[in-house]
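Residue strings, one per chain:
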Protein chains: 2
Amino acid sequence: MSIYTASTTAPVNIATLKYWGKRDKTLNLPTNSSISVTLAQEDLRTLTSVATSESFSQDQLWLNGQPESLQGERTQHCLQDLRNLRARVEAQDSNLPRMSQWKLHIVSENNFPTAAGLASSAAGFAALVMAIAKLYQLPDSHSEISKIARKGSGSACRSLFGGYVAWEMGSESDGSDSKAVEVAPQSHWPEMKAAILVVSADRKDTPSTSGMQHTVATSDLFQERIHNVVPKRFEEMKQAIQDRDFTRFAELTMRDSNSFHATCLDSFPPIFYMNDTSRKIVKLCHQINAFYDETIVAYTFDAGPNAVLYYLQENEAKLMAFVHHVFQKNSGWETKFSQGDLEKFSDFFKTRVAPEVAFEFDEELYKGVSRVILTQVGPGPLDTTECLINKSTGYPN
Amino acid sequence: MSIYTASTTAPVNIATLKYWGKRDKTLNLPTNSSISVTLAQEDLRTLTSVATSESFSQDQLWLNGQPESLQGERTQHCLQDLRNLRARVEAQDSNLPRMSQWKLHIVSENNFPTAAGLASSAAGFAALVMAIAKLYQLPDSHSEISKIARKGSGSACRSLFGGYVAWEMGSESDGSDSKAVEVAPQSHWPEMKAAILVVSADRKDTPSTSGMQHTVATSDLFQERIHNVVPKRFEEMKQAIQDRDFTRFAELTMRDSNSFHATCLDSFPPIFYMNDTSRKIVKLCHQINAFYDETIVAYTFDAGPNAVLYYLQENEAKLMAFVHHVFQKNSGWETKFSQGDLEKFSDFFKTRVAPEVAFEFDEELYKGVSRVILTQVGPGPLDTTECLINKSTGYPN
C-alpha cells in the first residue's frame with residue numbers, strides 16, 4: 001500500500017514582547033499579544049518528516065532518534081484539528097486518499113542540542129503542524145495553520161512566519177482570532193542579528209506552563225502588565241519594526257523582558273529565571289550602550305537564564321569588541337567568524353575600548369556561560385527534500 | 001563656659017512593607033506608607049552623644065571614630081529644624097541658655113560593623129535627632145520628632161518608636177502629616193524574632209536614594225504598586241500585627257519584599273539588589289514553610305542582598321533546624337545560642353527533618369553568607385548614661 005510523506009523545517013523564534021499567561025489553558029489562549037523575531041534555520045531549526053498510509057497501525061513519533069509519546073492532550077488537539085481539515089478537503093474530492101482516517105508516523109530532529117535549554121517546543125510544534133498540513137495538502141494559510149500550532153505550544157504559532165511576527169491574542173472564546181500574523185518579512189529588516197549566550201543553570205526551572213499560570217493567579221502587578229503595559233508596547237514595537245528603528249525596538253525589548261521577569265518575581269512564591277550571570281549580562285549590555293552613547297544591543301530573557309542579544313549587522317564590530325572580549329573562551333565563535341574576524345574584534349577592544357572604558361570587566365563571567373550561538377533573523381517554515389522517513393518502510397531512516 | 005551634653009541610643013528598623021519612592025526629594029516625602037519592625041538594640045543600635053556650648057566654634061561630627069562632614073543638605077535640614085524648635089522654647093523662657101545659637105559637637109557609634117551592609121542611616125539619624133531633642137529639652141512627641149528624622153533619612157522616622165511602626169505617607173505638600181506612628185508596642189507581640197543573613201555582595205549596590213527615584217521615573221509597574229497594591233497591604237499588615245497573625249503577617253511581608261524588588265527589576269535600566277544567594281534563601285524559606293505545612297518564617301530584603309528572616313520564638317527550633325543546618329559554618333550563632341542549643345537544632349534536623357525532607361540542600365549556600373545576626377523586636381530610642389563626649393573638653397572621649 002502507498003506511503004505518503006512530507007517534510008518541512010521550522011524555525012525557533014525568540015519573543016521581544018513576551019507571552020506570559022493564558023486566559024484559556026486548553027486552547028492556549030494568551031492574556032496578552034506578543035511579538036517575536038524568527039531566527040535563521042541554518043543555526044536553529046526543527047526538521048520534521050511525516051508519513052501516512054492505510055497500512056500504519058498506530059500514530060508514532062520519534063524525536064531526536066528516540067520514540068516519544070503522542071498521547072499528550074496538546075498534541076492530540078493538533079492532530080485532531082489537522083485530520084478534521086483534511087476530512088473537509090476529502091469531502092470535496094472523492095478521488096483523494098482518505099488520509100484523515102489513517103495513522104501517522106512522525107520523525108523530528110533539532111539541529112541544536114536540547115541541553116542548550118532553548119525552547120524547542122515552538123519550532124517542534126510549528127514543524128509538526130506544517131509537515132502534516134503539507135502532507136494533507138491543506139489550503140495554505142499560515143495564520144490558519146498557526147492557530148493549530150498554537151494549541152500545541154502557544155509560542156509555536158509565531159514560528160509559522162519568518163521575519164518579525166505578532167501573535168494577536170484575540171478576544172473570541174473559541175480562539176478563532178488568536179493567531180500569528182506577519183509584522184514585517186525578513187527582507188524588511190534583514191540586518192537583525194542575534195547572539196545567544198547559553199547560561200548554565202544550576203537547577204531545573206519552573207516549567208513555563210505552570211509558571212505562567214502561577215503568575216496569573218498570584219501576582220498583583222501582572223494585571224497592570226497585561227491590561228496597560230503590554231497593549232501600548234505592542235503597538236509601539238510593531239511601529240519600531242516598521243520604521244526599522246533599532247533604538248526604539250531595543251528599549252522596548254529590554255523593558256519587556258524586565259517587566260516579564262518582574263511579574264515572575266512578584267508571583268507568590270516568586271519564580272526566578274534569571275541568575276547572577278544573567279544579571280551581569282544585563283548590566284554589561286547597558287554598559288556597552290552607555291559606552292557608545294548609542295543603543296547598539298538589546299537583551300531579552302525567556303523562561304530561563306539564557307540571554308539573547310539582538311543587534312544590527314552594522315554594529316557587529318562595536319558590539320563584539322565587548323562580547324567577544326568577555327566570552328572569548330566560550331565555544332561557538334568559530335561557527336560564524338574566521339580567526340581574522342576575531343582578531344579584528346580583539347584589536348578593536350584593545351585600541352578603541354580598553355583605553356576609554358570606565359568600568360571593570362568581570363573576567364570570570366564566561367564561566368557562567370556554556371556556549372555562544374550566533375544567528376540572525378530568518379524565514380518561516382521551509383520545504384525540504386530531506387526526508388527522515390524511509391519511503392518504503394514508513395519508519396525512520 | 002558650660003558644656004551641655006545629652007546621649008541616646010536608637011534602633012535599626014527593618015521594613016516589612018517597603019518604602020521605595022519619594023514624592024518630594026528635599027522633604028523625603030514618600031510615595032507610599034510603610035511598616036517596620038524595630039530591632040533590639042543590644043544587637044543593633046547607634047549611640048549618639050551631643051554637646052553644645054557657647055565656646056564651640058563650629059558644628060562637628062565624629063562617626064565611628066572618624067571626623068565626618070555635617071554639610072550634607074539633609075543633615076543641615078535636621079539641625080535647622082531642631083534649632084528652630086529650640087528657639088521657640090527659648091522664646092518662652094528667657095532663663096534658658098541660648099543653645100539655638102550655639103554650635104554642636106556630635107559623636108556617634110554603631111555597635112555593628114558597617115561592612116555588614118545594614119542600613120545604618122535610619123538608626124543614625126534617629127539617634128542624632130533624639131539626642132539633640134533631649135539636649136534642647138524639646139517637647140516629647142516622638143511623632144513630631146520623627147518628621148525631623150525623616151528629613152535626614154526617610155526610614156529614620158520609623159526608628160523613633162519601638163515594636164511595630166507605621167510611617168504614614170501623608171498628603172500635605174509641606175510634609176506636616178508624613179510621620180511615624182506606633183502600630184503596636186513591643187509588648188503587644190514580643191515573641192517576634194529576626195535572623196539576619198548577611199550576604200556577601202560582589203559590587204556596590206545602587207544607592208537607595210538614586211535607586212528609588214530611578215524606579216519612580218522609569219518603572220511601568222511602579223504606579224500600580226503605590227496606588228493599588230501597597231495601600232491595601234498597609235491596612236492588612238496593620239491588622240495582622242494587631243491580631244498577632246503571623247501567617248498573614250509573613251505572607252504580606254514576603255509579598256511586599258518581592259513586589260519592591262519586582263519594581264526595581266522593572267526599572268530601566270533595571271536595578272538588582274538580590275543575588276543568587278538571596279534567591280536561594282527565598283526558596284529555602286518557602287521550602288521550610290512547605291515542609292511544616294505552616295508559615296513559620298518570612299523573608300524580607302532591603303536595597304541589598306542581605307536576608308532578614310522574621311519568625312516567632314515558639315517556632316525557633318523548627319526554623320533553626322533548617323537554618324542552622326545550612327548556615328552553621330557562618331559566625332554569629334554563638335552570640336545567642338549555647339553549644340547545647342545548637343546541638344538540639346542539629347538533633348532536630350537529623351531526627352525530624354532529614355528523614356522526611358523531599359528537597360536537596362545547597363551545601364555551598366553558606367559560602368555566600370558572611371555572618372548571622374540573631375535578634376528580635378525591641379524598643380525605641382533609649383536614654384543612656386553612657387556618653388561619648390568628654391564633658392570638660394566637649395570633644396570625643
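Just so it is clear, the model here is predicted, and its values are computed rather than measured. (Residues numbered from 1 in each chain as written. Chains lettered and ligands numbered in written order. Predicted model: local features only at pLDDT ≥ 70, side-chain atom pairs only at ≥ 80, totals over all residues. Heavy atoms only, no water.)

The next thing to look at is the overall build of chain A. The secondary structure content of chain A amounts to nine helices and 16 strands. For 397 residues, the compact-globule estimate of 2.2 N^0.38 gives 21 Å, and chain A sits close to it at 22 Å. Projecting the C-alpha coordinates of chain A onto the three principal axes gives extents of approximately 75 × 50 × 40 Å. In chain A, which comprises 397 residues, the share counted as buried stands at 59%. Here the analysis covers contacts within chain A between residues at least 6 apart in sequence; of these, 76% occur between residues at least 24 apart. Counting only carbon and sulfur atoms, one obtains 46% of the accessible surface of chain A, whose full area is about 15,700 Å². (Helix = DSSP H or I, 4+ residues; strand = E, 2+ residues; numbered from the N terminus. Rg over C-alpha atoms; globule rule 2.2 N^0.38 Å. Buried < 20%, exposed > 50% of the residue type's maximum accessible area, 1.4 Å probe, protein only. Contact = heavy atoms within 4.5 Å. Areas by Shrake-Rupley, 256 points an atom, 1.4 Å probe, with all protein chains shown as cover.)

A rotation about an axis combined with a shift along that same axis relates the two copies of the chain. Each copy superposes on the other: chain B lies on chain A with an RMSD of 0.1 Å after a rotation of 180° and an axial shift of 0.0 Å. The transformation just described matches what one would write down for a two-fold rotation axis. Within chain B, Ala-262 of chain B has its C-alpha nearest the rotation axis, a separation of 2.2 Å. When the interface residues of chain B are mapped onto chain A, 100% of them again fall at the interface, so both copies present the same face. (Least-squares fit on C-alpha atoms with pLDDT ≥ 70 in both.)

With that out of the way, let us pick up helix α8 (residues 316-327) of chain A. The element α8 of chain A is largely enclosed, with a buried count of nine among its twelve residues. All of the buried residues in α8 of chain A are Glu-316, Leu-319, Met-320, Ala-321, Phe-322, Val-323, His-324, Val-326 and Phe-327 of chain A.

Next up on the list: the domain arrangement of chain A. Residues and elements named next belong to chain A. What the domain assignment lists for chain A is domain 1 (4-184) and domain 2 (192-376). Taken over C-alpha atoms, the centre of domain 1 sits 28 Å from the centre of domain 2. Taken residue by residue, the interface counts 33 residues in domain 1 and 43 residues in domain 2. Summing the contributions of domain 1 and of domain 2, the shared interface buries around 3,000 Å²; its carbon and sulfur component is 70%. The largest share of the area that domain 1 buries against domain 2 comes from Thr-16, Lys-18 and Trp-20, three residues that together contribute 28% of it. The interface formed by domain 1 and domain 2 contains three salt bridges. Summed over the shared surface of domain 1 and domain 2, the number is eleven residue pairs in polar contact (both at pLDDT 80 or more). Of the residues belonging to the side of domain 1 that touches domain 2, the class tally is 18 nonpolar, eight polar and seven charged. (Domains from an automatic or database assignment. Buried area = accessible area lost by both parts, 1.4 Å probe. Salt bridge = Lys/Arg side-chain N within 4 Å of Asp/Glu carboxyl O. Polar contact = N/O pair within 3.5 Å; in protein donor to acceptor, adjacent residues only side chain to side chain. Nonpolar A, V, L, I, M, F, W, Y, C, P; charged D, E, K, R; others polar.)

So, about helix α4 (residues 208-218) of chain A. All of the buried residues in α4 of chain A are Gly-211, Met-212, Gln-213, Thr-215 and Thr-218 of chain A. Contacts made by the buried residues of α4 of chain A are with β3 (22-24), α5 (222-242) and α6 (246-265) of chain A together with α6 (246-265) of chain B.

All names here are of chain B. Overall, mixed pairing links the six strands, which are arranged β8-β7-β9-β6-β1-β16 in an open sheet. Of all strands in the sheet, those with a lone pairing partner are β8 (66-68) and β16 (382-383), marking the two edges. Bridge analysis of strand β6 (residues 45-53) against strand β9 (residues 103-110) gives eight bridges, and the strand direction is antiparallel. Within β9, the position partnered with Thr-48 by the bridge is Ser-108. Strand contacts of helix α2 (residues 121-135): β1 (4-11), β6, β9 and β16, with the helix running at about 145° to β1, the strand carrying the most contacts. (Pairing = 2+ DSSP bridges. Axes fitted to C-alpha atoms, helices over the stretch in contact; angles between N-to-C directions.)

This next bit is on the interface of chain B and chain A. Opposite the 33 residues of chain B that make contact, chain A presents 33 residues. In total, chain B and chain A occlude about 3,100 Å² of area from one another, counting both sides; carbon and sulfur atoms represent 62% of this. On the chain B side of the interface with chain A, the three residues burying the most area are Leu-221, Phe-268 and Phe-272 of chain B, jointly 22% of the side's total. Between the two partners, chain B and chain A, sit two salt bridges.

All right, on to the packing of α2 of chain B against helix α3 (residues 142-152) of chain B then. Residue and element names in this part refer to chain B. Here α2 crosses α3 at 130°, and the two axes come no closer than 9 Å. Relative to α3, the element α2 is oriented oblique. Between α2 and α3 lies a crossing of right-handed hand. Between α2 and α3, the contacting residues are Phe-125, Ala-126, Val-129, Met-130 and Ala-133 on the first element and His-142, Ile-145, Ile-148, Ala-149 and Gly-152 on the second. (Parallel < 35°, antiparallel > 145°, perpendicular 65-115°, else oblique. Left-handed = near helix turned anticlockwise from the far one by under 90°.)

So, on to the packing of aromatic side chains. Residue and element names in this part refer to chain B. For the coordinates displayed, the defined rule picks out 42 aromatic pairs over all chains. Ring geometry for Trp-189 against Phe-249: centres 5.5 Å apart, planes inclined by 75°, an arrangement best described as edge-to-face. Within this pair, whereas Trp-189 is found in the loop between β11 (179-184) and β12 (192-199), its partner Phe-249 is found in helix α6, the two being separated by 60 residues in sequence. A relative accessible area of 2% places Trp-189 in the buried class. (Phe/Tyr/Trp six-rings, centres within 6.5 Å; stacked < 30°, edge-to-face > 60°.)

With that settled, consider the pairing of strand β10 (residues 164-168) of chain A. Looking along a regular strand, one sees the side chains alternate between the two faces of the sheet. All names here are of chain A. Across the five residues that make up β10, a large majority, four, are buried. Pairing analysis gives four bridges linking strand β5 (residues 34-38) to β10, with the strands arranged antiparallel. Bridge pairing in β10 links Ser-34 to Trp-167. Where β10 lies against strand β11 (residues 179-184), five bridges are found, and the strand directions are antiparallel. Bridge pairing links Val-165 to Glu-182 in β11.

On inspection of all chains with the given rule, the structure shows four cavities of 30 Å³ or more. Roughly 240 Å³ of volume is contained in the largest cavity. Around the largest cavity, the lining is made up of 20 residues, and of these Leu-265 and Phe-272 of chain A together with Leu-265, Phe-272 and Arg-279 of chain B lie nearest the centre. Elements supplying a minimum of two residues to the lining of the largest cavity: α6 and α7 (276-292) of chain A together with α6 and α7 (276-292) of chain B. When grouped by side-chain class, the residues that make up the lining of the largest cavity number twelve nonpolar, four polar and four charged. (1 Å grid on protein atoms, 1.4 Å probe; cavity = no way out; pocket = protein on both sides within 12 Å on 5 of 7 lines; lining within 4 Å. Points joined across faces, edges and corners; volume = space filled by probe spheres on them.)

Counting residues in hydrophobic clusters, the biggest one holds 162 residues, and the most contacted among them are Phe-327 of chain A together with Phe-327 of chain B. Ignoring sequence-local partners within four residues, the contact set of Phe-327 of chain B consists of Leu-197, Ile-281, Leu-284, Trp-333, Leu-365, Tyr-366, Val-369 and Val-372 of chain B. Grouped together as the second largest cluster of nonpolar side chains are 45 residues, Ile-106, Cys-157, Leu-160 and Phe-161 of chain A included. (Core = buried A, V, L, I, M, F, W, Y, C linked by side-chain atoms within 4.5 Å.)

A separate point is the sheet that holds β10 of chain A. Residue and element names in this part refer to chain A. One open sheet holds the four strands; their spatial order is β2-β5-β10-β11, and the pairing between them is antiparallel. The outermost strands of the open sheet, each flanked by one partner alone, are β2 (13-17) and β11. When the angles between neighbouring strand axes are averaged without regard to direction, this sheet yields 35°.

Take the environment of Ser-2 of chain B next. All names here are of chain B. Locating Ser-2 in the fold gives a position in the segment before β1. C-alpha separation for the pair Ser-2 and Gly-394, spaced 392 residues apart in sequence, amounts to 9.7 Å. Those residues within four positions of Ser-2 in sequence are excluded, and the remaining contacts are Thr-52 and Ser-53.

Here the focus is the side chain of Ser-33 of chain B. Residue and element names in this part refer to chain B. One can find Ser-33 in the loop between β4 (29-30) and β5 (34-38). For Ser-33, a relative accessible area of 11% translates into the label buried. Separated by 3.0 Å, the side chain of Ser-33 and the backbone nitrogen of Met-169 make a polar contact. Those residues within four positions of Ser-33 in sequence are excluded, and the remaining contacts are Leu-17, Lys-18, Trp-167, Glu-168, Met-169, Val-230 and Phe-234.

Let us look at the pairing of strand β7 (residues 60-63) of chain A. Residue and element names in this part refer to chain A. For β7 and strand β9 (residues 103-110), the ladder comprises four bridges, and the chain directions are parallel. The residue of β9 that forms the bridge with Leu-63 is Ser-108. Two elements, β7 and strand β8 (residues 66-68), share three bridges in a ladder whose sense is antiparallel. Within the sheet, the bridge partner assigned to Leu-61 lies in β8 and is Glu-68. Count of turn residues in the β7/β8 antiparallel hairpin: two residues, of which Asn-64 carries a positive phi of about 50°.

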